[in-house]
Structures are given as structure tokens and as C-alpha cells.
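Given next are the chains, with one letter for each unit.
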Amino acid sequence: MEKSTPYILRVRPKIPARLARLEELANNLWYSWDRPTRALFARLHPGLWKATGQSPKSFLKRIDEQRLLDAADDQVFIGNLNRVLAAYDTYHAYNLPASGADWLRKDDLVAYFCAEFGFHESFPIYSGGLGILAGDHCKAASDLRLPFVGIGLLYRQGYFHQTIDSDGNQIASNSDSHFEDMPIVPARLADGSEAYTSVDLQERKLNIKIWQAKVGHITLYLLDTDLDSNSPHDRDITHRLYGGDKVMRMEQEIVLGIGGVRALQTLGLKPTVWHINEGHAAFLVVERIRQKMADHGLDFAAALEYVAANTIFTTHTPVPAGHDHFNEGMVQAYFERYYPELKLSREEFLELGKTRDSADFNMTALAIRGTRFHNGVSRIHGGVSSEICGFMWPEIEHRENPMTYVTNGVHAPTFLASEWIEVLERHLGLEWSARMNDVEFWDDIKNIPDHLFWSVRQSLKAKMLNMVRERISAQHFRNQGSEAHLDRLLKYVNPENPNILTIGFARRFATYKRATMLFGDLDWLRTILDGSERPVVFIFAGKAHPADIPGQDLIRRITQISKMPEFIGKILMVEGYDLALSRKLVSGVDVWLNTPLHPLEASGTSGMKAGINGAINLSVLDGWWGESYDGENGWAIKPVSELLSEEVRTHEETRTLYELLQDHVVPLYYDHGKMGFSPDWVKMSKRSMASIMPRFNAKRMVGEYLAKCYLPASQQHRLFKEKQFESSHIIADWKARVRHSWPGVALRRMDAVQNEINFGESLRLEVAVRLNGLQPGDMVVEMLMGFQTKREELQSTRHYHFEDTGETTAAGESVFAIVVQPERCGKLEYHIRAYPYHDMLTHTFELGMMRWL
């Protein structure tokens, strides 16, 4: 039989005039956090809405025109549409004042670079936590009406789709996205033509198309190399997120960093603040320096100071091995042409990415050298990062070096279940969203009636269980499972009876997250789960990277245990983890379990999403939980000493987990009162919500970036740019002079040391400083005084600055003196030190130099 040729014809419906603005809604990612907008599309055709992955743009191209005509005549639908449009127009018309000391100026613009952005499952250009965090950052920037743009890559293939077979093997599959179905349009120049830019890759030119997506008030620009004018290899550069080898990673990062800078330039955008979110985009530093040297005649040192002064670098990686690095040969191949433009030798260029432990070019090292604002993403991670990156400031103690932290937050409108909104409006007031960061305001959650709070929680759990049932059923039948066995699997996953303690664990399956820690002692676990009157079900979900075999082994192990007769139905491994499943799990489970190996959890945000919905966290004290746990809002697994082996640590922490489950979690949940639920459980659930919402939302996070980074960076931008970059030259020349002289700087005590004085008496100290060519005004001589303790750090330390007396010793040393009257009694300890100082420095210790007496 002869084969026929298939021809494809797409027939698009005509959208009635009354529904015309549906297309506007479909092309703004505002829908990713506005549930009424998504509900509007779903109402038109629930089946198609699900089949199109909840993509409004794809949905509108495939819906039958008759349904649109019927909707245009349906007064109920039109009423809902008008309410959505009213909210949309109000959101986009309202602008916060842009003047005043607390806000950026009208000519300011923040450019935020990241390798992935996660807004919604209909826009698959993300893989996990970094992307979702970047998406939440953009959403919060929109909510705050910041002058802000995002820059990323437009992938044909986002992260892989996951299925799990009957043996627990993860099967990864990839499919290409169709750009016409995504909420993007080509970026255009002032003359209306599509915008393109290019970068040089070794001896060839790579063309890049610029796309844009609207995210509420802000714009996200995405770079695409899949163009006919590029070679097949080059077209693939932006094909798959985190795909390919080292060469592909290098080329993606060149496109993101260098191409991103050029794309903004092509569009006529002039950022005053630049934010590198993780090291993938660090090459933007090199390109910006090159442009400043070419366009303004700056030397490399002055250009570096200008570029660094208004650039922020956020690291999300808690281990040195996690930072991107490339061998010298690869860097030479791609950047040899940059050397003469930067007026640097090969060695000087490679030094920009040098670390003390490796000859490779390290992207984190480049990012730190090219920025003056650096942060980790939780208090614990900030401390870890200050140690990992401490070699950048070799003479500064880790706790004082420029690495700080801004703890992550989650976008509440995206992840707070809509069922809570009416409750919050009724009991906290309509202003609850405007007072998102007000800690005292959120304490009023305790006034919500227990039975109402519990009913919302049970309703959310029922919806979550319904989705889990659907996914488990599809997974079971695809793996040739029987109907009878499915009934056993779903015995405790019953939306009609949600009165079962449900514990969730859903995240990336990396080994340090210890997904199988729960199974360290199966006999003890059997005892905990054995009670028929107090059933417990554990729901696991998550993906392991296709190259991470140990991570995939964890999925297999959970699947194997879930098949043991005593654990059937009590341990479930759900495939296909995505944003839709995540939203249901974090809002519906009773307890959110997190068991990372301390201190390898940089922040974590899934527990925040669960907490703002009233779920209770049971977690190792790592990442964000280390600063959230207060003894009343959840349970903490205290990390065992890092001096012990990982095996011993895991064993001890597993025992703590079992003790908490057996003695606290399960009994508390089933301590039912006369209303049919546990009043003390509801109390803790309320406390979880009240303590986490105001402190771990993305509006707080971006507001903190604004105060700690964006505002001072914009001020440094203006300072270093004015008068033909005069300040950039001054600070660069000053640093060169200090670096030259510093090896010869030394301190010497001149006064006789006193060991005891009476309270109220003064102490005069004199120090001679060999300046080695520097001026007295080039440094600070300082006394640190505090209570002596057995700990390494002084307690309640106070800082006192010496004054230059104008005198010199016979040896030519400058004399600095201070008169101190201690304000406290007791055994005080003091230290004397000196460090270079200039009032234009962004951070006091950015030179990394210190002399102690």
C-alpha cells in the first residue's frame, strides 16, 4: 500500500470582539500568579486547558470558535472576564512614587541576568530552584514597580519530562517547545524591525535573536541562537537548558553574559545596576569593561572599578565544586581576541578567574572580582560562602569580608492557595497583601477560628490528594499495574477522607538532600507507621539530573521500599514533578520534610511555600530554616558535628527524625479534640503561617536587595561615572598605589602596656605605622575592644579609631594615637589593626588587606 504525504493545516479561531483582550492576558505572565485569569481560560474548555499545559496562548489557538462565540454571549463569563480585566488594569496602571531617598531614580534601570527563569509550567525555560527563584524575583520586582529587566536564554527544550517505571528507574524525555505557543514576541527596534545582536565565538560570528516576555510591569529579554544564519552546532547552543558538554556550557555562558550586554545595548537600554544571579552570566563583566575602554578611553583598571561598583553577584552554591570552571586552553580559544582590546596579557586575563586551589578559570572568581556587592542566599549560606570565597580577601576574617547574605523568599501570590485569600481578607483585612512584610500584623492569624482554619487546610489537602491519585493512577496503569493493586496503593490517598497525616518531600534528587534518610532503620519506621488508628502517608516527588546516577538510585530505593507489603500505600513516589504538582503539594500536605546534609542547603524555598499555606516544617536546621525555626512553628533536626563522618551524621540525624515523628508529630496530629481535629496542631500550623509569611516572601527579599544592593549600586554608578569617570580613575590609581606599598606596611606599639585601670579613667595608646610611601589618610588604625571569652570572637565588640598626630618617629613612621575611656567593667580584651581606606570604596574591606599588631 502506497504511503501518503501528511500535510499540516492549522486553523485558528477568530476571537470575538468582546473577548479580544484574552490575547493580551495570554501574552503577559501576570497570569502565572493570578489564579482568576487562569480560571477564566480553564472555564472555556477544561479538557483543552489541561491538554495545552495551562498555556493561555496555546489554548487560544486551539479552542473551537463556537465555544468563544458562546462565551461572548454568556453574561456570567463576561462578568468574570470584566473582573479579571479590572484587576489587570488596576495592577498595571498603578505606579508607586519613583522619587525620594528610598527609591531608585527615574533614569535608573536594574538588569537581572540568570541562566533560567521559572514563572509557570506553560513556559518551560527552567529546571528547578534557581529558575523559580529568578521568576519570583521578577514577579516581586513587578509588584514593587521597580525599573527592572531580566535577561536569559530562550531554550527549545527546558528541563526534561520525567516518568518512572515499575522498578523505579527514571526515564527522561525531552520535547521541543513551539515559540508561537509561548508568551513571547520578538523584541523590536524603534523602527519596528526585529532586534538581533551577535557575539564572536573563536573565529566565527554567532547571530542572536532577541525575544521578550511581559511579566506584569517588567520585561524579560531572552536570547535565541536557533537561526538559519548560524551553523547547526551554533543553532543548538540555546536548544537545551543545561545540555551538552563543557564547550556548550562555555558558549551558553558567552551568549548570556556577553550577548546579554549587547542585546540591551541594541535595544537602547542603559542599566545603571547589574545583577548576576549565579556565575553563569559573569562574562558580562568582561564585555562591559571592553565597551567602557573602547567607548570612553578608560584604562582597564578604571573600567573595572566603574563596572564593579554597580554590579551585584549572588551565589547559590554551597560547595566549591559547584562553581562553573573552564580549563585555560578553552578560555584561551574563546577569549584570545579579547586580550588586546582589554590591554591585558594572557596571564593577566586568566588571573581574573584564578582561585588558590585550581589552575582553571573559575566563573565565581570572575564574578567576585568584577562586582562590589556579593551575597549568599541565607544566613548560614552567607557564612559558608564567606569561607569558600575568603581567598579573595586573604587578610580579612571571614565574618568581616564583603560576602553578605540576602535570604531567599517566595512570591506569595503565586504559591499561596486562593482558598486562603477570602479568609485573610475577612480576618486580617483587605490590606493583607500590602502589609506582607509586617511581622506584627501577621500575628493576627491566631484570631482566625480554629475550625475555619482547619477546614481550609483539609480542603487544600483534598485537592492535593486528588492530583496525587490522578498521577499515581496514570503511572500505575502505564506500568501495567492491576486495578486491584491500585486500590491498595491509594488506600490512604482519599480526597473524601483527608483526615490522615500526610508528609511531603518534593525537590531535586541530589544526594546531599538525603531523600532516603527516612529509611535508615526500616524496623523503627514500621513501628511508627504501623498504627491503623493513626495512619501516616509519605509522598515523594522530584527529578534527578539525567547524569546523576546516585540521585536516580535514590528514586529507585524509594520505589523499592514503597513496594514492601508493610509500606504499600504509605509511601508513594509520584512521577513528573513540575510546578503544577509543586503548588498542590506545598499547599496540601500537613508536614513538609527536608533532610539535607548541613551546611549544603544554600537556602531552599519549598519549605517557605509550604509554610505560608499552613503546612508545618520538619527539617534539618540548614538554609532558610536555620533562621526561621523558633521552637513553636515546626520541628528541627539539629545537625550533628561536621567533624564526624557523613555516615555517622546521617545515622544520628535519622534517629532524631524518628524520635520527632514518633513522640511529637504523629501524636500531636491525632490528639483530636471535640471538634474532630487537634487544637494544638492548628496552633502550630497558624504559627507556621504567621512566622514565615512576613519574613520569607519575595517582596521582602527584593526590598532587601533594593536597600542593600540596588540603591547603593546606583549611587556608586553615578559617583564613578560623573566628570568623565573621574572617580573611577581616582579609586583605580589609589588601589594601585596601596597594592604596591602594602607589603612594606607595619605597625609598632609605642606606649607602655597597662593591664589595669579604674572605671572612669582613660587609656592612651600610641602606634607607629610604617606607611611605605602611603599617606596617613590612606588607612584606618583601629582598636577593637570587647569582653574576653573562650570563643574565638570577642563579645559586644566596640570599634575606636586612632587619630593621626602629625608626628613621625626617627625611623619615619607616622604616629597614631587614641584616648579611650572604657564604658564597661570586667575583663576586656582589645586588638589593634590597620587597613587601607578610601571614602569611595563600596565595601570597607574590598581590598582584602589588613595588618594586626
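Coordinates for the structure precede this section.
Scoring rules and cut-offs
- Residues numbered from 1 in each chain as written.
- Predicted model: local features only at pLDDT ≥ 70, side-chain atom pairs only at ≥ 80, totals over all residues.
- Heavy atoms only, no water.
- Helix = DSSP H or I, 4+ residues; strand = E, 2+ residues; numbered from the N terminus.
- Rg over C-alpha atoms; globule rule 2.2 N^0.38 Å.
- Buried < 20%, exposed > 50% of the residue type's maximum accessible area, 1.4 Å probe, protein only.
- Contact = heavy atoms within 4.5 Å.
- Lys, Arg positive; Asp, Glu negative; His and termini not counted.
- Charge placed at Lys NZ, Arg CZ, Asp CG, Glu CD.
- Polar contact = N/O pair within 3.5 Å; in protein donor to acceptor, adjacent residues only side chain to side chain.
- Pairing = 2+ DSSP bridges.
- Axes fitted to C-alpha atoms, helices over the stretch in contact; angles between N-to-C directions.
- Right-handed = clockwise from strand over helix to strand, strands pointing away.
- Salt bridge = Lys/Arg side-chain N within 4 Å of Asp/Glu carboxyl O.
- Parallel < 35°, antiparallel > 145°, perpendicular 65-115°, else oblique.
- Left-handed = near helix turned anticlockwise from the far one by under 90°.
- Nonpolar A, V, L, I, M, F, W, Y, C, P; charged D, E, K, R; others polar.
- 1 Å grid on protein atoms, 1.4 Å probe; cavity = no way out; pocket = protein on both sides within 12 Å on 5 of 7 lines; lining within 4 Å.
- Points joined across faces, edges and corners; volume = space filled by probe spheres on them.
- Phe/Tyr/Trp six-rings, centres within 6.5 Å; stacked < 30°, edge-to-face > 60°.
- Lys NZ or Arg CZ within 6 Å of the ring centre and 35° of its normal.
- Patch = residues over 30% accessible without salt bridge, like charges linked within 9 Å, V, L, I, M, F, W, Y side chains within 5 Å.
- Areas by Shrake-Rupley, 256 points an atom, 1.4 Å probe, with all protein chains shown as cover.

> I'm lost on the overall build of the chain in this one. Help?
The number of helices and strands found in the chain is 29 helices and 28 strands. The C-alpha radius of gyration computed for the chain amounts to 30 Å, which stays within 12% of the reference 29 Å derived for 853 residues, consistent with globular compactness. Principal-axis analysis of the C-alpha atoms places the extent of the chain at approximately 100 × 65 × 50 Å. In the chain, which comprises 853 residues, the proportion classed as buried is 58%. Partitioning the contacts of the chain with sequence separation of at least 6, the portion at a separation of at least 24 is 73%. One way to put it: in the chain the 96 positive side-chain charges average out to a point 3 Å from where the 109 negative ones average out.

> I tried to follow the environment of Asp521 on my own but got confused; where do I start?
Considering the arrangement of structural elements, one finds Asp521 in the loop between strand 15 (501-506) and helix 22 (522-529). Between the alpha carbons of Asp521 and Tyr658 there is a distance of 8.9 Å; along the sequence they are 137 residues apart. At 3.1 Å, the side chain of Asp521 forms a polar contact with the backbone nitrogen of Trp524.

> Explain the sheet that holds strand 16 (residues 536-541) here, please?
With respect to topology, six strands assemble into an open sheet ordered 17-16-15-18-19-20, the strand pairing being parallel. The open sheet is flanked by strand 17 (571-574) and strand 20 (634-637), the only strands paired with a single partner. Ignoring strand direction, the axes of neighbouring strands in this sheet form an average angle of 20°. Across four bridges, the pairing between strand 16 and strand 17 is parallel. Considered in strand 17, the bridge of Phe538 is made with Ile571.

> Looking at this structure, I do not really get the sheet that holds strand 22 (residues 763-770). What am I missing?
Within a sheet, adjacent strands bond to each other through the backbone by hydrogen bonds, running parallel or antiparallel. Taken in spatial order, the four strands line up as 21-22-26-25 in an open sheet, and their pairing is antiparallel. The outermost strands of the open sheet, each flanked by one partner alone, are strand 21 (746-749) and strand 25 (803-808). Mean inter-strand twist for the sheet, computed between neighbouring axes without regard to direction, equals 30°. As paired elements, strand 21 and strand 22 share four bridges and run antiparallel to each other. By the bridge assignment for strand 22, Ala746 is matched with Arg770.

> Teacher, can you tell me more about the pairing of strand 2 (residues 148-153) here?
Along a regular strand, successive side chains alternate from one face of the sheet to the other. Counting buried positions along strand 2 gives six out of six residues, so the element sits mostly inside the fold. On strand 2, burial covers both faces: Phe148, Gly150 and Gly152 on one face and Val149, Ile151 and Leu153 on the other are all buried. In this structure, strand 1 (residues 110-113) lies alongside strand 2, joined through four bridges in parallel fashion. Considered in strand 2, the bridge of Tyr112 is made with Gly150. Chirality of the crossover, the property in question, places the unit of strand 1, helix 7 (residues 129-143) and strand 2 among those that are right-handed. Here strand 2 runs beside strand 8 (residues 218-224); their pairing, made up of five bridges, is parallel. Across the sheet, Gly152 pairs through a bridge with Leu222, a residue of strand 8.

> Would you mind going over the pattern of salt bridges with me for this structure?
If charged atoms from side chains of opposite charge come close, those side chains can pair. Taken as a whole and assessed by the stated rule, the structure comprises 55 salt bridges. Across the pair Lys50 and Glu470 runs a salt bridge whose closest N-O atoms are separated by 3.4 Å. Here Glu470 lies in helix 20 (residues 450-478) and Lys50 lies in helix 3 (residues 46-51), a separation of 420 residues in the sequence. For Glu470, a relative accessible area of 42% corresponds to the partly exposed category. Between Lys463 and Glu419 there is a salt bridge, and its shortest N-O distance comes to 2.3 Å.

> Can you help me understand the packing of helix 11 (residues 300-309) against helix 29 (residues 698-741) in this one?
Angle between the axes and distance between the axes: these two values describe a pair of packed helices. Direction vectors running N to C along helix 11 and helix 29 enclose 150°, while the axes themselves pass 8 Å from each other. Here helix 29 runs roughly antiparallel to helix 11, going by the angle between their axes. By crossing handedness, the relation of helix 11 to helix 29 is classed as right-handed. For the pair formed by helix 11 and helix 29, the contact residues are Ala301, Ala302, Glu305, Tyr306 and Ala309 on the first element and Ala713, Gln716, His717, Phe720, Lys721, Phe725, Ser728, His729, Ile731, Ala732 and Lys735 on the second. For the contact of helix 11 with helix 29, the class distribution of residues is nine nonpolar, four polar and three charged.

> Sorry if this is basic, but what is going on with empty space enclosed by the protein here?
Counting across every chain of the model gives two cavities of 30 Å³ or more. In this structure, the largest cavity spans a volume of roughly 50 Å³. Taken together, Ala115, Leu153, Tyr155, Leu241, Tyr242, Arg249, Gln252, Glu253, Leu256 and His280 make up the full set of residues lining the largest cavity. If you tally residues by element for the lining of the largest cavity, the top one is helix 9 (residues 246-266), at four residues. In this model, the second largest cavity occupies a volume close to 50 Å³. Lining the second largest cavity we find Ala140, Asp143, Val410, His411, Ala412, Pro413, Met436, Asn697, Ala698 and Lys699.

> What's the story with the packing of aromatic side chains in this structure? I'm lost.
What characterises a pair of aromatic rings is the spacing of the ring centres plus the angle enclosed by the ring planes. Evaluated as defined, the whole model comprises 37 aromatic pairs. With 5.5 Å between their ring centres and 25° between their planes, Trp454 and Phe677 make a pair best called stacked. With a gap of 223 residues between them, Trp454 in helix 20 and Phe677 in the loop between helix 27 (646-669) and helix 28 (679-692) connect regions that are remote in the sequence. In terms of burial, Trp454 and Phe677 fall into one category: buried. Here a set of aromatic residues connected by ring pairs shows up, and it is made of Phe283, Phe335, Tyr338, Tyr339, Phe349 and Phe361. For the cation-ring pair, Arg156 lies above Phe179, with the distance from its terminal atom to the ring centre recorded as 3.7 Å.

> Just to check I follow, could you spell out the environment of Arg739 for this structure?
One can find Arg739 in helix 29. Judged by relative accessible area, which is 47%, Arg739 ranks as partly exposed. In this structure, the C-alpha to C-alpha distance between Arg739 and Pro836, residues 97 residues apart in sequence, is 9.6 Å. Excluding residues within four positions of it along the chain, Arg739 makes contact with Leu847 and Met849.

> What should I look at first to understand a negative patch on the surface in this one?
Taken together, the side chains of Asp64, Asp70, Asp73 and Asp74 make up a negatively charged region of the molecular surface. With relative accessibility at 62%, the residue Asp73 sits in the exposed group.

> In this structure, what is going on with the layout of surface pockets? I would like to understand it.
It is a probe the size of a water molecule, rolled over the atoms, that shows where empty space is left. Volume-wise, the second largest pocket comes out at about 1,100 Å³. If you list the elements that add at least two residues to the lining of the second largest pocket, you get helix 2 (35-44), helix 6 (75-93), helix 17 (412-415) and helix 18 (419-427). When the residues that make up the lining of the second largest pocket are grouped by side-chain class, the tally is 17 nonpolar, six polar and 11 charged.

> Quick question: what am I supposed to make of the packing of helix 20 against helix 28 here?
One can describe the packing of helix 20 onto helix 28 by two numbers: an axis separation of 10 Å at closest approach and a directional angle of 75°. Classified by the angle between their axes, helix 20 and helix 28 sit roughly perpendicular to one another. The residues of helix 28 that touch helix 20, namely those facing Asp450, Phe453, Trp454 and Arg457, are Pro679, Trp681, Val682, Ser685, Lys686 and Met689. Taken together, the residues of the contact of helix 20 with helix 28 sort by class into six nonpolar, one polar and three charged.

> Quick question: what am I supposed to make of the side chain of His374 here?
Mapped onto the fold, His374 is located in strand 13 (residues 373-376). Judged by its relative accessible area of 5%, His374 falls in the buried class. Reaching out from His374, the side chain makes a polar contact with the side chain of Thr371 at a distance of 3.0 Å. Apart from the residues lying within four places of it in its own chain, the contact partners of His374 are Phe313, Ile368, Trp393, Pro402, Met403 and Thr404.

> How should I be thinking about unusual backbone geometry in this particular structure?
A negative phi holds for most residues other than glycine; trans holds for most peptide bonds. Omega for the bond connecting His598 with Pro599 falls within 30 degrees of zero, at 0°, which places this linkage in the cis form. With respect to the helices, strands and loops of the structure, Pro599 is situated in the loop between strand 18 (591-594) and helix 25 (606-611). Positive phi is not limited to glycine here, since Gln724 has a value of about 55°. Given a relative accessible area of 68%, Gln724 falls into the exposed group.

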